[in-house]
Each structure stands twice: as structure tokens, then as C-alpha cells.
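Residues per chain, in single letters:
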Amino acid sequence: MALLKTQDLTAFYGNFQALFGINITLNQDETLAIIGANGAGKSSLLRSISGVLKSPSESILLDDKPIGHLDADEITSLGIAMIPEGRRLFPSLNVEENLMIGAHGKKQTGYWNLNNVYDLFPALKEKHNQPGTSLSGGEQQMVAMGRALMSNPRLLLCDEISLGLAPVVIKNLYEAFPKIKKCGASLIIVEQDIVQAMKVSDRVCCMMEGKITLSGRPDDLSMGMIHAAYFGEEES
Amino acid sequence: MIFLDSLIQGILLGGLYALFAAGLSLVFGIMRLVNLAHGDLIVFGAYLILLLVSLLNLNVFVATLVAAPFMFVLGWILQKFILNRVLGDDILPPLLVTFGLSIVMQNVLLETWSADSKRLSAGALETASLTIGPINVGIMPLLIFISAIVVILVLNLIIYHTSLGRAFRATSDDPVTASLMGIKPKNIFSVATGLAMIVAIIAALYLGVRSNFDPSIGPARLIYAFEAVIIGGLGSLWGTLLGGIIIGVAQTVGATINPEWQILSGHIAFLLVLMVRPRGLLPRAFD
Amino acid sequence: MSYIVKVQTTASRMAVIGAAILIPVAFVLPLFASRSLLQDLFFIFTMLTLAQWWNLLAGYGGLVSVGQQAFIGMGAYAMFGTVILLGWDPVPSILAGGIAALFLALPTAFFAFRLQGAYFAIGTWVIAEITRLTIAQWKQLGGGTGTSLPRSATRDMMFVDGIKVLFDTKTSVARDILAYWLALILVVLTIAAIYWLLRTRRGLALAAVRDNLQAARSVGVNPNKIKWLTFLSAAFGTGLAGALIYMQKARISPDAAFSVVDWTAYVIFIVVIGGIGTIEGPILGVLVFLLLQSILASYGTWYLITLGLIGIFVMLFAPRGLWGLLTENTGIQLFPVQRRLFMNKKLSKEK
């Protein structure tokens, strides 16, 4: 049984349509990378799944149950956590509070708690008392990842983790993924950094103009095919 | 000596204004909502205590305790069924709805209680006083001031040291991301307004014990509360207490010079602070 | 393909024709109408003037003021002041009222614009209170208890003699006719001025500032200038109305002239119920207001409770008011300010 499935998923911002019938399936313990250019609809897809954008009820299924109509907070309590684009730490909360709020009112138990998050990102431990927004970009991203992990999600949605970060910092962050996967989370990773995304994923979907233009296993896809799906040009 | 006396009276009066303001400050801090009916809700609270006192023959303090859960529920309902529906990027609808509510409440109180002024009686406590050296301090004003400090301590404890308070702050920062954490912003708003109404009933108790009240005095209380919040700086409850003290001192000192200047002096103190420090005396670092 | 921008609609052309007929009729109305009808219309015109100015502030400018009573009171007291202290005729004193309100608006805006968002509302209220308390100290104008216009001033008022002769009537009736005409001129000029303002580039900028401050700034709109302009013109218009209202009442007190219920609450309800952010809304609102008043006025508090509840109900369920409900179904616009794009068919065919 698929963990998550979207069926002809559409999304709108007012009159503007961002997604045109997206069909993806994510199996348990699988990692799916979604790549594509700016404005291809990648973030809209994650925002729809996480409930920030409203969708028709049947267009998103979790364990074959429709969840499209649910609010973001209800979806979170079903075990879907999101690392939002731009990290979005809470400025009035310190690092530790930012992490703890990830577990707000959650019943799920699992590996992730404050100590284990600090083990994963030791840099955060010594700064646990500082305002979250006073940290460096990479450290802020660690807080955002830790915050999402604190809910012990079954499905973790990662939106542009590498955005605005130096390559060495990105590499560091991506080194956390094997551990995250081992602890029982399936992942959907939205990325512009194709190389990093392909490295950790089992499958890749490429999006363009609100549609999926290509999908397959990373090893089966040539750079040329990705290039074509990415920019909508014929393979040269 | 007269000035020292009015200075102390003013500081103690500031405690009452801080109590008027704390609920307003809390609600604004969390949802950027200015409730124009806040003063009228306090006056309503005073009538509620009066009703309980006369109906059940309770002591005013006990009556306040009895009224508190009722006020919480009232605030919760008000937020959930009315204010949550109009909250959004546009500040107009919530302002107009609470303004309408203010007019409705004043006139409902007028219809049910008439325009005659009423008072809550705290018995012997009202006249008791404490002599410290050359200064005579009433027990009641002192109790009001201490209550204000306790209320602010408790509110800060909730805001900074509980998971509810964490959710308050997170929702205030960014409601969308807060909902990704499993927080329902609208529920948080309802709880916050309920909490503000508990503070309002404490303010109502002391409003009624300290002076006469009638259905028309709500807006003036709203204005004092607002001035205290702005002087103190948005988001700081201690700043609000400081703001209340400044208004209180300005009023009592002004009244010592000329009784007709009492209210005016408070307003002018507010304008002076607004001119020199538009963000208040103790502003939050970010906003 | 080419496009043309249109503002006019069929309904708006009909409105122009309607106005061209109605305004002259309104001017000659004192020939036929009863005195009480003229008094009712005076009330409608002055309330509508106040409603239009408040609507410009809040509905178009996003400046929700609950302190407009400051400008009513200031305008009225300045009119009384120039009559009592300087011996002016009440009619030109009305202009002094408007100018005084304009001057009060300068410090008011200076302070209130420092307050962000919703706190602006209470800020304006504070200024109104300060003005009321200060004027109540002014003993020559009756202090806290108020005063009346001197009998000599009201008897010898400009134009009154002429109207007496023209209509062959008593002084008191002639005064009512004069007040009626002045109110009619004021409301027509108010609507014309606001409509003109909204159709100019400044009006566009105003909407831009309300809808998105940052974006407006980035396209070169100076939001501060627009806010000041709006606030000052609303204060001037409100001050004129205040002076005129109290010229007709001939008796003033601080509590009445600075009443938040009479001069702000009623006005807000008129605009909200009629439809905020439109010129038509307040016109419809003032009619509903008058209707409710004639039904409920004898119940005092119940009247205000009903108005308040209707206001809340409208904000919750029909935030664009009665006029909004009407246009949603019909698309009628009497005072169109939107620019609408039409494809120019002729030109596109040529291509």
C-alpha cells in the first residue's frame, strides 16, 4: 500500500493555477526528489500536501484515506511534517523552543527527541538559548529540520533545504538524511540542487509549469533527459 | 508633601490602568487585533460581579472568582464565533465589528441597569490604610497595584514558560508556519481572548471597588489602557505597567494643580511620550 | 490588438442625468416642501457629508478613524468663536470652522500616523478627547456647559432677509431654508470632490496605498503624502459640516459637539450598512439610517443596539454592505472609479 498518493491534484492561488493534475505515489520508506526550475510548482505541491493550500478531499490520500480537505494542523497530527521554504523559524522563540514547538500537542512517539536532535546537529546544543533567527543560515536550517523531526513524522516534506546556503553547508545538511531515513521517515525532497537531491533519493520527478514532465530512478535518467524535462527543450 | 502623596497615589493608580491594559496588550500581541469593546467588556464585568453579589450575596472577591470562568467562556465564544471570522490582512473589519460591539454593549447595559452609577463594596478594606512614615497609603490602592504585578507575573509565566505560551508566541510570529507545527491559530486566538477576559474581570473588580461606574465609562477605560500599552511599547507587559504608572502619575499630579486637568494631563503625558519615543519606552527588539 | 480604458458605465451616464435633474429640483424644493421635510433633508445631507468623508478615509484610504468628532467639535466651536468673540456673521464663520478643523488635523495626523495599523483608530479618539477637554476649559465659550449663538447673530444672518422676502415667511423658517441650501451645496460639493479625487492619479495611488503599501512605494507612490492629503481634506470637509450643523442648532456644548456616538458611530454604521469603499454605499446607508430612526428613534437605546447589531451582522456576512449586495447581482455602478479594459474591436480588425 502506498503511503501517500496524489490523484489529479490541482492547486490555485486565487485565479492563478499552479498545479495541473499531479499524480505521484510515495511508498513507505521511499525518498522522492522533486526537481524543477523556479515556478515549476514544486513548492505548491508540498504546500498542497501539507494543507497550507486547500485541495479537493480525494486528490491527496494518506494510507488510502482522503486528506486533501484537512487543515495544516490536522495533517501535521497525521504524521506529515514540513520543513518550509526559507526555514521560517519563529523569531520570538529561542532554538530549543523552536525545536520543542515541533512536538506541540503530538502523540506520536519515536526516536526523535531534544537529545537526539542535538546529537544529529551538535552545533545547536550550545546555542539552545539563543533566538533562532540569530543563527547562521545553515544552523537555522538545522533548527528547521530538527523542528520537523521533533514530531516523529512518518512523512517528511523538505522544501528547498539548500536555498541560499554554501555548498559545504548543504553537504553537511544532506549528511543527516541517511539517519533520518533509518529512523523511519519517508521523504519528499523538493530541490533545485539536482546533484544533492539525486544522491539521497530513490526516485526523481521533474516538474515544469505545474505538471510532471519526467519521473524515474536516478540511475536511469540521463542528464540530457533531465535537462529537457527541466527546461522543456528537445534533447540536443 | 502633597506632591509626594499624589506621586504615590498616581503610581498605585497606574496598577489599575495596567490591569485595564494587560488584556488589550495580550490580544494585540498575539493576533494584532485591537478590541475597541475592551473597556465595555470590563464595565460589563463589573456589572456581572454586582449581579453575583446581589443575587448570591457573595463577597466581591468570591464573586470575581465565580465570574472568571464565565468571562473566559464569553471571550472564547466572542473570538471563535465573531472575531475569528473577520481577522485577516485588512484591519477594517475587526475594528468595525468591535466598535459595533462596544456601542451594543453600552446600550444593553444602559437598558438593563439604567444610567445610575453603581459601586462594588469591599467592606472595611475600602477605608483601611497603612502609614509608612509621613505617607498614608490606602490598602485598596496597594492591593490593586500588587494585583497588577501578580497578573503580569502570571501572564509572563504563561507566555514564556508554558507550551501554551510557546504556541502564543509562535502564532504571533507566523500563523501559517505555526499551523505546520500542529497549532490551530484560531483556537489559540480563542484561548488568548478568554485569558484576556479573565484579566478583564480582575480589572472590573477593582474598577468597581475604587470608584463609581455606569454603562458609559467603557471607552474612557479603553483609552487609558491603550495609552498605557503605547507608552510601554507593544509586546511588553512590564512596559504596559510603566505606561499605566505614567498615566496615573500624570493624572494625580495634574489634578493636584487643578482638578479639571486630571484627565487632560494623562492624555498629554501620552502625547509627549509618543512624540519623543514613538515605539514606546520598552519596545520589543523585533516586530 | 489594442485596448481602451473606460471608466464610464451606462448606469453612470444615467446617474449624471439623474443628478442633473435632482440637484436643481432639490434647490427649488423649499418652494413646495414643508419645514419638517427640509429639516429631515438637512439632517440627511449633513450626515451623508460626514459619511462620505469618513468613507474616503476608511474605505478608500484604510485610515479607520474613530475620532472624527474632533473635527465636528472643532469646526462648530470655531464657528461659535468667530461669531461670539469676533462678531462675524455665522455664514462665513462656517468656512472658519472648516479651516480650524484643518489646523487641528495637522497635529492629529502627526501623532496618529505614528501609531501602526489598528492603534491609529484609538489614537484619533484620544486627540478628540483632548480637544474636547481643552475646549471645555474655554470659559468665554461656556466651558463645560456650552453656550448659544447670540440672538442678534442668528437674527441678522446673511441671506436670511432675502429669503424672508423671497418666500414670504418667518425668520425661523428662512433660517431653515438657508441651512438646507448650504447643506445641499456641501453634500454635492463633497461627493463631487471625492469622486474627482478618486478618478485622478491621486485616487489610484490612494487605493494602491491601502491595498499594498510596499508595492505602492515601489512604483513611486509616496504613501505619506497621500495619507496626509486624505486626512486633511476629510478633516476640512468634516469641520465644515460640523460648523453648519451647529449653525442650525444654534446651541453647543462640548459633550454634544464631541460626541463619539452622534458623529462617529452613526457615521460608521451608515457607511458600513450602505457599503464601505463605494460612493453609492453611504447614500444608501443614510436612507436606511433614516428609516430605522423613524421606526426606532423613540426607543433610544434599542435604536443604537439595533444599528450596532446590523453593523456587526453586515461586517460578518456582507462586508461590502447593501450596495455590495446590489452590485454583485446587477453590476450597476453609479460612480465608477475603476478603470476597465476593453478590447478596441475596430482597431484590432484593422490589424
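1. Focus on the interface of chain B and chain A
Part 1 of the argument: The partner chain A presents 21 residues to the 18 residues of chain B that form the contact.
Part 2 of the argument: Here chain B and chain A share an interface that buries about 1,800 Å² over both sides, 62% of which is from carbon and sulfur atoms.
Part 3 of the argument: At the surface where chain B touches chain A, the tally comes to five salt bridges.
Part 4 of the argument: We note a salt bridge from A:Arg88 to B:Asp174, for which the minimum N-O separation is 2.9 Å.
Part 5 of the argument: Between the two partners, chain B and chain A, sit eight residue pairs in polar contact (both at pLDDT 80 or more).

2. Some words on the nonpolar core
Part 1 of the argument: Ranked by internal contacts, the top residues of the largest apolar core, which has 253 residues, are A:Ile188, C:Tyr119 and C:Tyr246.
Part 2 of the argument: For A:Ile188, the residues in contact, after removing those within four places along its chain, are A:Leu4, A:Ile24, A:Leu26, A:Leu32, A:Ile34, A:Leu46, A:Ile49, A:Leu155, A:Leu156, A:Leu157 and A:Cys158.
Part 3 of the argument: Grouped together as the second largest cluster of nonpolar side chains are 33 residues, A:Met142, A:Met145, A:Ile170 and A:Phe177 included.

3. What to know about the sheet that holds strand E7 (residues 65–66) of chain A
Part 1 of the argument: With respect to topology, four strands assemble into an open sheet ordered E4-E1-E6-E7 (chain A), the strand pairing being antiparallel. Two strands bound the open sheet, and with one partner strand each, they are strand E4 (25–27) and E7 of chain A.

4. Structural notes on the pairing of strand E3 (residues 16–22) of chain A
Residue and element names in this part refer to chain A.
Part 1 of the argument: Alignment of strand E2 (residues 9–13) against E3, held across four bridges, turns out to be antiparallel. Note on E3: the bridge partner recorded for Ala11 is Leu19.
Part 2 of the argument: The turn linking E2 back onto E3 is made up of two residues, and Gly14 within it adopts a positive phi angle of 60 degrees.

5. A few points about the environment of C:Lys170
All names here are of chain C.
Part 1 of the argument: Structurally, Lys170 can be placed in the loop between helix H7 (160–167) and helix H8 (171–199).
Part 2 of the argument: On the basis of relative accessibility, which here comes to 55%, the residue Lys170 falls in the exposed class.
Part 3 of the argument: Sequence separation between Lys170 and Met74 is 96 residues, and the spatial gap between their C-alpha atoms is 31 Å.

6. Here's the deal with the packing of aromatic side chains
Between two aromatic rings, the relevant description is the distance of the centres plus the angle of the planes.
Part 1 of the argument: Under the definition given, this model contains 26 aromatic pairs over all chains.
Part 2 of the argument: Arranged with centres 5.0 Å apart and planes meeting at 45 degrees, the rings of A:Tyr174 and A:Phe177 form a pair that is tilted.
Part 3 of the argument: Assessed through its relative accessible area of 4%, A:Tyr174 is described here as buried.
Part 4 of the argument: Taking the relative accessible area as the measure of exposure, A:Phe177 reaches 0% and is therefore buried.
Part 5 of the argument: Ring geometry for C:Tyr266 and C:Tyr303: centres 5.9 Å apart, planes at 40 degrees, overall tilted. Here C:Tyr266, found in helix H13 (residues 260–274), pairs with C:Tyr303, found in helix H15 (residues 301–317); they are 37 residues apart in sequence, far enough to count as distant. Of the two residues, C:Tyr266 and C:Tyr303, both sit in the buried class.
Part 6 of the argument: Grouping aromatic residues by their ring pairs yields a cluster made of C:Phe71, C:Phe113, C:Phe120, C:Trp228 and C:Phe231.

7. Looking at the sheet that holds strand E5 (residues 31–36) of chain A
All names here are of chain A.
Part 1 of the argument: Pairing within the open sheet is mixed, and its six strands lie in the order E8-E9-E10-E5-E11-E12. Looking at which strands have only one partner, the edges of the open sheet turn out to be strand E8 (80–83) and strand E12 (211–216). Direction aside, the axes of adjacent strands within the sheet are offset by 20 degrees on average.
Part 2 of the argument: As paired strands, strand E9 (residues 155–159) and strand E10 (residues 186–191) are joined by five bridges and run parallel to one another. Each residue of the ladder has a partner; that of Leu156, found in E10, is Leu187.

8. Description of the side chain of A:Asn94
Residue and element names in this part refer to chain A.
Part 1 of the argument: Tracing the backbone through its elements, the reader meets Asn94 in the loop between E8 and helix H3 (95–101).
Part 2 of the argument: A relative accessible area of 17% places Asn94 in the buried class.
Part 3 of the argument: Among the polar contacts made by the side chain of Asn94, one reaches the side chain of Asn129 at a distance of 3.5 Å.
Part 4 of the argument: Setting aside residues up to four positions removed in sequence, Asn94 forms contacts with His128, Asn129, Gln130, Pro131 and Gly132.

9. Brief notes about the arrangement of the chains
Part 1 of the argument: Of all two pairs of chains sharing an interface, the pair with the highest contact count is chains B and C.
Part 2 of the argument: Regarding chain A and chain C, which are not in contact, the minimum distance between any of their C-alpha atoms is 16 Å.

10. Here we look at the interface of chain C and chain B
Part 1 of the argument: Taken together, the contact pairs 43 residues of chain C with 41 residues of chain B.
Part 2 of the argument: Between chain C and chain B the total buried area reaches about 3,800 Å² when both faces are included, carbon and sulfur atoms providing 82% of it.
Part 3 of the argument: Of all residues in chain C, C:Arg114, C:Tyr119 and C:Trp125 bury the most surface against chain B, accounting for 17% of the area lost on that side.
Part 4 of the argument: The interface formed by chain C and chain B holds one salt bridge in total.
Part 5 of the argument: Between B:Glu260 and C:Lys139 there is a salt bridge whose closest N-O contact spans 3.7 Å.
Part 6 of the argument: Counting every contact that joins chain C to chain B gives six residue pairs in polar contact (both at pLDDT 80 or more).
Part 7 of the argument: Mapped onto the side of chain C that touches chain B, the elements with two or more residues apiece are helix H2 (35–60), helix H4 (90–112), helix H5 (119–135), H13 and H15 of chain C.
Part 8 of the argument: Here the side of chain C that touches chain B gets eleven residues from one element, more than from any other, and that element is H5(C).
Part 9 of the argument: Of the residues belonging to the side of chain C that touches chain B, the class tally is 31 nonpolar, nine polar and three charged.

11. Re unusual backbone geometry
Comment: phi is negative for the bulk of residues other than glycine, and the bulk of peptide bonds are trans.
All names here are of chain B.
Part 1 of the argument: The phi angle at Asn57 is positive, at roughly 60 degrees, despite the residue not being glycine.
Part 2 of the argument: Inspection of the secondary structure puts Asn57 in the loop between helix H2 (38–56) and helix H3 (60–86).
Part 3 of the argument: Judged by its relative accessible area of 69%, Asn57 falls in the exposed class.

Conventions and cut-offs
- Residues numbered from 1 in each chain as written.
- Chains lettered and ligands numbered in written order.
- Predicted model: local features only at pLDDT ≥ 70, side-chain atom pairs only at ≥ 80, totals over all residues.
- Heavy atoms only, no water.
- Contact = heavy atoms within 4.5 Å.
- Buried area = accessible area lost by both parts, 1.4 Å probe.
- Salt bridge = Lys/Arg side-chain N within 4 Å of Asp/Glu carboxyl O.
- Polar contact = N/O pair within 3.5 Å; in protein donor to acceptor, adjacent residues only side chain to side chain.
- Core = buried A, V, L, I, M, F, W, Y, C linked by side-chain atoms within 4.5 Å.
- Buried < 20%, exposed > 50% of the residue type's maximum accessible area, 1.4 Å probe, protein only.
- Pairing = 2+ DSSP bridges.
- Helix = DSSP H or I, 4+ residues; strand = E, 2+ residues; numbered from the N terminus.
- Phe/Tyr/Trp six-rings, centres within 6.5 Å; stacked < 30°, edge-to-face > 60°.
- Axes fitted to C-alpha atoms, helices over the stretch in contact; angles between N-to-C directions.
- Nonpolar A, V, L, I, M, F, W, Y, C, P; charged D, E, K, R; others polar.

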